[in-house]
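Results of the structural survey
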Amino acid sequence: MDLLLDFVIVGVSIGIVYGLVALGISLIFSGLDIVHFAHGELYMIGSFLGIAVISFTGVPYFWALIGAMIITGVLGVVVERVFYRRLTRGGGGYTVAGMGMIICGFGMSVALQNVAYLLWGAAPHPYPVSFGMPIFLGNIALPKSYLYILICALVLMTVLHTFLTRTKLGLAVRAVAYNKDTSYLMGVNVPVMISLIFGVACAMAAAAGVLIGPINYVQIEMGYLMLLKAFAAAVVGGFGSLPGALLGGILVGLFETLCAGYLIASYKDIYAFLLLIVVLMVRPTGLLGILVKVKA
Amino acid sequence: MNRYPPKKTGNGVRNALLAFTAASLVAGASAASAGVIKVGVSLRMKTETGEKYGQMVADEFEAINAAGGVNGNTIEVKLLNDECKSDIGVANATKYAYQDNVHLFIGSSCSSVSLPIVDVLHKAGVPMLIPHSTNYKITLKGSPWVFRVPISSRFSAAAAAKYTAENIGTKIAYIWASDAASQADAQKFYEYIETYHGELPVYAEQFQEGELDLRAHLLKIKSLKPEALMISAQSQDFARGLVQSYEVGIPPSVKRIGGSAASNRPAPILSGDAIKGVFFHAAFSFADPDPKVQEFVKMTAERYGVANPDHDFSQAWDSVHVARVAFERADLALTDDSLAADRAAIRDALGTVTGYVTLGGGVVDFCADATPECRDGNKTPVLIEYTKGGEDYELRVIGKTTFDADFGLAGMEEEAMKLRESLDN
Amino acid sequence: MLSIRGVATGYGKVQILRGIDMSVSEGQIVALLGGNGTGKSTLLKAISGLLPVWDGAIEFEGEPIQNRRPNEIVKRGLTQVTQGKDMYPAMSVEENLRIGAYTRRDRAGVTADIGKVFDYFPVLGERRRQLAATLSGGEVQMLVIGRGLMARPKLIMLDEPSSALAPRIVLDIFSIVNRISRNEGITILLVEQNVRMALLLAEYGYVIRDGVIHIEGDSRDLITDDNVRLAYLGGTVTDAGADAGTGLAH
C-alpha cells in the first residue's frame, strides 16, 4: 500500500511536468496549426536559464522559475517572429507550408541544441538548489521538490486558466486558436496573439524545465525524450485541449510509473506510448478532444 | 639523436630522404630509421574532462618527441572523439586502420565502444591499446591484437563485492545501465556474492542508459529493504540514481555502491552531498599519498586545471607510457611497405611489457598469448570512498587487492568460445 | 459611405476580381448577388482586409482602407459577418458575443449591447451559457449576426445569412436584420445567393459575375429585369455565371 502511494506521488509529479510541456505543444498546435518539434529544446533552454538566473543574480529558486519563464517566453516570441512567421503565414496543418514547418521545427531543434552546446557545453549541470531530505509521512517519502512541482504547476495552471477564461485577452487567444480569419474580423490583432501564444507556450516549457532541474540534471540532450512524452500526453489528453494536456500528462506519468513499478521497470519509456496507442484505438480524439476541437 | 624530426607524413620519398639524412648524421643509432610512428586515439571527449585527458595524451606523445622521440622515430598522434557512441568509435577505428594507416590504436573510454572496435582492428591487424574500458568480454574475445591497461571488471567488481560482503552485508539490490561496462560491473559483483556467499540479489534490473527517472526501480528497492544498493552506471546516470535514491526515501543506512564509472569526475559534482560514503573500485585515486601520484595530480592541476583527476586521467597517461615502452622495444622499419610488419612488431612488443607500475600502484603485465590472463594488464583494483561531494570533492582509499591473472575465468570457457567465433566471422 | 473603384485581386497568382466598381450609401441595405465562385466572398475579404488588393481603391467614409489590417478596419466601424459555421463552438454564446466587442473599451456599453442582442434574438438569451456548438443552424446564424453587432459597426457586411437554412428561418432572420438596420441606423451590405429574398430586403442590388459587376440597379427594377429573372430568379442561384463558357442570356 505504501509502495502504491509512493508510485502515485512519483507518477503524478513527473506527469505534471509532462503536462506543462504538453500544454505548450497543445497551445501552439491550436494557435499556429503546427506541431512544434523544437519544443523539447525550449524546455531544455528554460532549464539552463533557470541555472543562469540563480548563478548570476543569486535569487531564490522561485524567482529563477519566473525569470526563466520570462526569458524563454521572449526567446520563443523571437524564434516565432524571425523564423516561423514566414512559414506559418502560408498555412499550417497538412498544407505544403505545414510540412515545411515540421522540417523547420526539427531544424530549429538541432540549431537550439547547438546554441546550448556552445553556451553550456555537453556536460550535465546539477541544479544549484537543494531541498534536503524528503518529508516522511510514516513510510512514505514526500520529497520537497515534488511538493514544489505540485504547487507551482497548480498555480501556473490556475493563472493560465483564469487568463484564458476570465480576461478579454485570454478570450482573444482562444478565438485565434480556433480560427484566425474570423478572429481578425473581430478586430483581434492576430499576429500579436500568435506571438503571445508562442511566448506563453515556451514559458510553460521553461517552467517544466526549471521544476525538473533539481530531480534530474540539466543537459543539452534532455529535450527529446521530454518532447516524445509530452507529445504522447498531448495526444492522450486530446490534441488542442488544454485541460486535456495536463490530464494526459498526469495519466502518462502515472501509467508509466505504475507499469514500471509493477511490471518490468526497464521498459518504462515504452509504457507511455503503449498508453498512447490504446487511447488512440479506443478514442482517436483523445480523452478531452471531442468538444474542444471541432476544427476541420 | 635526430635533431630534425619530420613533422608531417604521407610523403614516402621525403621520409626515405630524411631517414637517410638522419642515419648519416646520427652514427650508432642501431635500428633507428627516423620514421613516423602513427598513433590513432579515439576517446570519449564529450565533456570538458574528456577533452582534457585527450589533450594530455597528445601532449605526452609530443613530450616524448621533444625529448628525442623513440629510437630516433617520431610519434604522430591523431585524436578523435567518439562521444562514447559505438557507431562513431567504429567509424574512427576504421578510418585510422585503413585511411590513416596508424601503427597503434589507443581507445576507447567506453566498453560498449571498445567491444565492436576489437572486431574492426582484429580484421585490419592493428594493435589496440585500451586505456579505460573495463568490460571483461573485451579480452575474452581472444584477439591477439588487444591489450588492456585498466582493470577488467572480473577483478574490480570482485574486489568491491568482497569488501561489501565482509563489511556491510550480502542483501544487495542492483540496478545497472545498459552500457557494457556498467552491465559487467554489476553482473560480476553479484556473481561473486552468489558464488562465495550464496546470496542471490534482492533486486537486479537493467535500465536504459540516459534514463531520467529511476524512481520506479528505487521505490521497489526501498520496499525490499536491502543492506546495500549498487548503482552501476556511467557517471551521470550514477549520480542521478544516487540523488533519486535519497529522494524516494531509501534510508542513508543503506550503503550505496558505485561501479568503476563512479570515480569519473562528473559523478561527485553532479550528485553533491548524496555521494558521501559511497565507495567504488577504480585503478587510481588522487587521494593516494604516493609522491608519484601527487606529482601527477600537480601536473594535471597546472596544465589542465584538474585538481582531482580520476582514473580516466591516470590510465590515459599510463597508456601513453605503456605504448612508449612497446615502441622502444619494437623493431620498426616504418616505410610504406612495412606497415603490416610494423603493426605486428608493435603488437609483439606490447606482449613483452611486464612490470609496468601504473600511477594507481597496480602493475601491468602483458604476455604473448591472446588470452584474458595475458591481456588484462592491471590486476589491482583500489577501493575508494567519497568523504565529500561537490566541485571540490574528497576521497579516501579504503583498500587494495591484487588478483591472480586467471581469477574469475573459471566456467567461462563457453562464453569465450562464442566470443571467439564471432570474432573470426 | 463605402466606395469601391476598379478593385482587382485573387489568390496567389489566380485573379478572381477584375475591376469591381460599386458603392454603398449610409443607411442603405445593398445586396450583392451572384452564384458560387463568382467572387462575392473574395470581394468581402478584400474589403475587410483578409486579402490584399492588387489594384483599385476601397474607401470607407472617405478614407482609403485597401490593404489595411482587418483589425484596423473593424475599428473604423466596418464589420464582416461571416457564415454561421465561423462561430467559436468551444465558447459559450455570451463569450462569442464578447469577442465580437473585442475592439471596444466600454465595459458597461458592451454589457448593455449584449442585452440588446438578446432582445433581437431572445433564443440566444435563453442559451447564453451554453456552448455555441450546441446551437441549431438558425441559432448559429443569429449568433454570428449578433456578434457582428457587438462591434457597434457603422456598416455590416452579411455573408450569405440564408445558406443552409430553412426558408421560414431565413425569413425570420431577414426581418430581424431589417429591423436592426432601421433601429440602429446600420448600413448593410448583404451578400446572397438567394436572390429573391435578398432583393425583397435590399434597396439596391449588384450582380457579380466572372469577377466584374454584371448588372446593377434598384431592387424593384432588378426583380423585374428580364436578364436577372432569366438568369437567377429560379430561386437560389446555383451555377449561373459560375461557368463562364455557357453564356447565359444577356
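No experiment lies behind these values; they were computed from the predicted model shown.

Here's the deal with the overall build of chain B
Regarding its fold elements, chain B presents 15 helices and 15 strands. Relative to the globule expectation of 22 Å for 425 residues, the C-alpha radius of gyration of chain B, 22 Å, shows essentially globular dimensions. In terms of principal-axis extent, the alpha carbons of chain B reach across some 75 × 45 × 35 Å. Within chain B, buried positions represent 62% of all 425 residues. In chain B, the share of contacts with a sequence separation of at least 24, taken over all contacts with a separation of at least 6, comes to 68%. A total of about 15400 Å² of accessible surface is found on chain B, and carbon and sulfur atoms cover 52% of it. For chain B, the centre of its 42 positive side-chain charges and the centre of its 53 negative side-chain charges are spaced 2 Å apart.

Brief notes about the overall build of chain A
When its secondary structure is counted, chain A shows twelve helices and two strands. Each helix (α) and strand (β) of chain A, taken in turn from the N terminus, gives the series α-α-α-α-β-β-α-α-α-α-α-α-α-α. Here chain A holds 296 residues, and the buried ones make up 58% of them. When contacts within chain A are restricted to residue pairs at least 6 apart in sequence, those whose partners lie at least 24 apart make up 76%. For chain A, the accessible area works out to roughly 11600 Å², and carbon and sulfur atoms hold 77% of it. If you average the places of the 14 positive and of the 9 negative side-chain charges in chain A, the two averages end up 14 Å apart.

Observations concerning a negative patch on the surface
Residues and elements named next belong to chain B. Where like charges cluster on the molecular surface, the negative patch consists of Asp369, Glu373, Asp404 and Asp406. Within the element layout of this structure, Asp406 appears in the loop between β15 (394-400) and α15 (413-424). A relative accessible area of 46% means that Asp406 is categorised as partly exposed.

What to know about the sheet that holds strand β3 (residues 29-33) of chain C
Residue and element names in this part refer to chain C. Pairing is mixed across the open sheet formed by six strands, whose spatial order is β6-β7-β8-β3-β9-β10. Edge strands, defined here as strands with exactly one partner in the open sheet, are β6 (78-81) and β10 (212-218). Averaged over all pairs of adjacent strands, the angle between their axes in this sheet comes to 15°, without regard to strand direction. Seen against the sheet, helix α7 (residues 167-184) touches β3, β7 (155-159) and β8 (187-192) and runs at an angle of roughly 155° to β8.

Re the interface of chain A and chain C
If you look at the interface, chain A gives 23 residues, while chain C gives 26 residues. Of the roughly 2200 Å² buried where chain A meets chain C, counting both sides, 66% is carbon and sulfur surface. Of all residues in chain A, Lys168, Leu185 and Met186 of chain A give up the largest surface area on contact with chain C, accounting jointly for 33% of the area buried on that side. On inspection of chain A and its partner chain C, the count reaches one salt bridge. Counting every contact that joins chain A to chain C gives five residue pairs in polar contact (both at pLDDT 80 or more). Elements supplying a minimum of two residues to the side of chain A that touches chain C: α6 (168-178), α7 (180-185), α8 (190-212) and α12 (289-292) of chain A. Tallied by class, the residues present in the side of chain A that touches chain C amount to 14 nonpolar, six polar and three charged.

Describing the pairing of strand β2 (residues 14-24) of chain C
Residue and element names in this part refer to chain C. With eight bridges connecting them, strand β1 (residues 2-11) and β2 associate as antiparallel partners. Looking at the pairing, Val7 lines up with Ile20 of β2. In this antiparallel pair of consecutive strands, β1 and β2, the connection spans two residues, and Gly12 shows a positive phi of 60°.

As for the state of the cysteines
Every disulfide links exactly two cysteines, by a covalent bond between their sulfur atoms. In this structure the tally under the stated criterion is two disulfides over all chains. Disulfide partner of Cys84 of chain B: Cys110 of chain B, at an S-S distance of 2.0 Å. Across the S-S bond linking Cys84 of chain B and Cys110 of chain B, the dihedral sits near -120°, which makes this disulfide left-handed. Placement of Cys84 of chain B in the loop between β2 (74-81) and α3 (86-99) and of Cys110 of chain B in the loop between β3 (104-107) and α4 (111-124) is noted, with a sequence separation of 26 residues between them. The two residues Cys84 of chain B and Cys110 of chain B agree in class, both being buried. Of all cysteine sulfurs in the structure, the one in Cys202 of chain A sits closest to Cys152 of chain A, which takes part in no disulfide; the separation is 19 Å. Given a relative accessible area of 6%, Cys152 of chain A falls into the buried group.

So, the sheet that holds β1 of chain C
All names here are of chain C. One open sheet holds the four strands; their spatial order is β2-β1-β4-β5, and the pairing between them is antiparallel. Of all strands in the sheet, those bounded by a partner on one side alone are β2 and β5 (63-64). Pairing between strand β4 (residues 55-60) and β5: two bridges, direction antiparallel. Its bridge partner lying in β5, Glu59 is registered against Pro64. In this fold helix α1 (residues 40-48) packs onto β1, β2 and β4, with an angle of close to 110° to the strand it touches most, β1.

Some thoughts on the interface of chain B and chain A
Interfaces are often sized by the accessible area lost when the parts come together. The interface of chain B with chain A comprises 31 residues on the first partner and 37 residues on the second. In this assembly, chain B packs against chain A so that about 2700 Å² is buried in total across both faces, 55% of it on carbon and sulfur atoms. Viewed at the interface, chain A and chain B are joined by nine residue pairs in polar contact (both at pLDDT 80 or more). Those elements that provide at least two residues to the side of chain B that touches chain A are β7 (203-207), α8 (215-224), α9 (235-247) and α10 (266-271) of chain B. Tallied by class, residues from the side of chain B that touches chain A come to eleven nonpolar, eight polar and twelve charged.

Concerning the arrangement of the chains
Contacts are most numerous between chains A and B, considering all two pairs of chains that are in contact. With respect to C-alpha atoms, chain B approaches chain C no nearer than 37 Å, and the pair has no contact.

Here's the deal with the pattern of salt bridges
A complete count under the given rule lists 35 salt bridges over all chains for this structure. Between Lys95 of chain B and Asp100 of chain B there is a salt bridge; the shortest N-O distance is 3.0 Å. In this structure, Glu184 of chain C and Lys116 of chain C form a salt bridge, with 3.3 Å as the shortest nitrogen-oxygen distance. Of this pair, Glu184 of chain C sits in helix α7 while Lys116 of chain C sits in helix α4 (residues 107-120), and the two are 68 residues apart along the sequence. Put simply, Glu94, Arg98, Arg128 and Arg129 of chain C are held in one network by salt bridges that share partners.

Let's talk about helix α3 (residues 93-100) of chain C
Counting buried residues along α3 of chain C, seven of its eight residues qualify, which places the element largely inside the surrounding structure. Within the span of α3 of chain C, buried status applies to Val93, Glu94, Glu95, Asn96, Leu97, Ile99 and Gly100 of chain C. The secondary structure elements touched by the buried residues of α3 of chain C are α5 (144-166) and α6 of chain A together with α4, α5 (122-126) and α6 (137-149) of chain C.

With respect to the pairing of strand β9 (residues 204-209) of chain C
All names here are of chain C. Across the six residues of β9, five count as buried, placing the element largely inside the fold. Sheet analysis places β3 next to β9, joined by four bridges and oriented parallel. Following the sheet pairing, Leu32 is matched in β9 by Tyr206. Judged from the six bridges that link them, β9 and β10 form a sheet pairing that is antiparallel. Paired with Gly205 across the strands is Gly217, a residue of β10. Counted between consecutive antiparallel strands, the loop separating β9 from β10 contains two residues, among which Asp210 sits at a positive phi close to 55°.

The rules behind these values
Residues numbered from 1 in each chain as written. Chains lettered and ligands numbered in written order. Predicted model: local features only at pLDDT ≥ 70, side-chain atom pairs only at ≥ 80, totals over all residues. Heavy atoms only, no water. Helix = DSSP H or I, 4+ residues; strand = E, 2+ residues; numbered from the N terminus. Rg over C-alpha atoms; globule rule 2.2 N^0.38 Å. Buried < 20%, exposed > 50% of the residue type's maximum accessible area, 1.4 Å probe, protein only. Contact = heavy atoms within 4.5 Å. Areas by Shrake-Rupley, 256 points an atom, 1.4 Å probe, with all protein chains shown as cover. Lys, Arg positive; Asp, Glu negative; His and termini not counted. Charge placed at Lys NZ, Arg CZ, Asp CG, Glu CD. Patch = residues over 30% accessible without salt bridge, like charges linked within 9 Å, V, L, I, M, F, W, Y side chains within 5 Å. Salt bridge = Lys/Arg side-chain N within 4 Å of Asp/Glu carboxyl O. Pairing = 2+ DSSP bridges. Axes fitted to C-alpha atoms, helices over the stretch in contact; angles between N-to-C directions. Buried area = accessible area lost by both parts, 1.4 Å probe. Polar contact = N/O pair within 3.5 Å; in protein donor to acceptor, adjacent residues only side chain to side chain. Nonpolar A, V, L, I, M, F, W, Y, C, P; charged D, E, K, R; others polar. Disulfide = S-S within 2.5 Å.

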